[in-house]
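Now for the letters of each chain:
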Amino acid sequence: MIDNSELRIEYEGELEHDADATGRLIRPYAITGGRTGADIDIDLEAQIQASTRASHHLGAYRWEAARLIDLVQAPMALIELAARLELPLGVARVLVADLLSDGAVVLHRPVATQNFGSLLERVLDGVRNL
Amino acid sequence: MSVTSDPTTTAPGKIPVKIVVAGGFGVGKSTFVNTISEIEPLRSEAMMTSASAELDDLSQISTKETTTVAMDFGRISLTEEIVLYLFGTPGQQRFHFMWNELSRGAIGAVILADTRRLGDCFAAIDYFEARSMPFIIAVNPFDGQKTHAIDAIREAVQVDVKVPMLFCDARDRADVKNGLIALVELALLRERAQAHAAT
């Protein structure tokens, strides 16, 4: 049996905390205008970095985006960004996609000029040296 | 492999590679990642879409309910150029849809097994076998005693002798490292065999 009363209590409990653990006063998907990021193809491990032009853009962004740019002064993976911003993955994807189209961040796309085998050899050396 | 450098950046990005850490609920996946990650392991969340939620058993509660899936991950800088991410898969069967995203482009998987509940790793074995992804089985000896011989465990989980299987205390850095080495060696052997077959 489904206990509806218990569910209701949980829901109301959530509403009482308009500012969540991050101190954010709006719900994550409000940041993205309801977009979920499901249609954006950025890998979890894709490396994102602020462009040299990012500082020109900074004043134009709300704090989530501004904090994102701040975090990617050195390249950072999408999934790590999401975790550090305490945003669901899909929301972080939308933010990154918006900043990409603005030119405030860039995506490093590794281009294979050697085969996967030689990359794996270097990975193996790296893991052995841990 | 080289990295294209966008004119708007000053430094080239690192090449990201990833390894999936799979296995049943509570088998030590997060511990495995914690033990070797150079950063405090992080947790990222994704929401199940309502379409996925409808397939879920819990959707009986409400079709509009969203479920949060948490993924633990860690990072290891292997070289100046290569950074390795370790992803702990959400253990419960109903989160398998997330595995596709986690394993896309991955080197392979370390499947953690608990000798007290060997059946819990079958789903992971089936998943990676079906996708022909390299995987190894790391047996976490919870009781501190390696009472089960590897051969007996191999027979119980019914995997090919070519699948590396080793004992791995998820809290022990050397054990975790050995697990990663075994997986990358396997992936490299496979890659070479495929390259050879293609020529």
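Preceding this section is the structure that the text describes.
Residues numbered from 1 in each chain as written. Chains lettered and ligands numbered in written order. Predicted model: local features only at pLDDT ≥ 70, side-chain atom pairs only at ≥ 80, totals over all residues.

**Student:** Please give an account of the overall build of chain B that cites residues and values.
**Tutor:** Scanning chain B from terminus to terminus reveals 6 helices and 8 strands. Counting helices and strands in the order they occur from the N terminus, chain B gives β-β-α-β-α-β-β-α-β-α-β-α-β-α. Going through the 199 residues of chain B one by one, you find that 37% of them count as buried. Contacts in chain B between residues at least 24 apart in sequence constitute 70% of all its contacts with a sequence separation of at least 6. (Helix = DSSP H or I, 4+ residues; strand = E, 2+ residues; numbered from the N terminus. Buried ≥ 20, exposed ≤ 12 C-beta atoms within 10 Å, placed from the backbone. Contact = placed C-beta atoms within 7 Å.)

**Student:** Now, about the pairing of strand E6 (residues 108-114) of chain B: what can you tell me, with residues and values included?
**Tutor:** Residues and elements named next belong to chain B. The buried fraction of E6 amounts to 7 of the 7 residues, a majority that puts the element mostly inside the structure. Of the two faces of E6, the one carrying Gly108, Val110, Leu112 and Asp114 and the one carrying Ala109, Ile111 and Ala113 are both buried. Here 5 bridges tie strand E2 (residues 15-23) to E6, and the two strands are oriented parallel to one another. When the sheet's bridge partners are listed, glycine 23 is paired in E6 with leucine 112. Sheet topology places E6 next to strand E7 (residues 135-140); 6 bridges connect them, and they run parallel. Bridging from a neighbouring strand, alanine 109 pairs with phenylalanine 135 of E7. For the crossover from E6 across helix H4 (residues 122-130) to E7, the handedness is right-handed. (Pairing = 2+ DSSP bridges. Right-handed = clockwise from strand over helix to strand, strands pointing away.)

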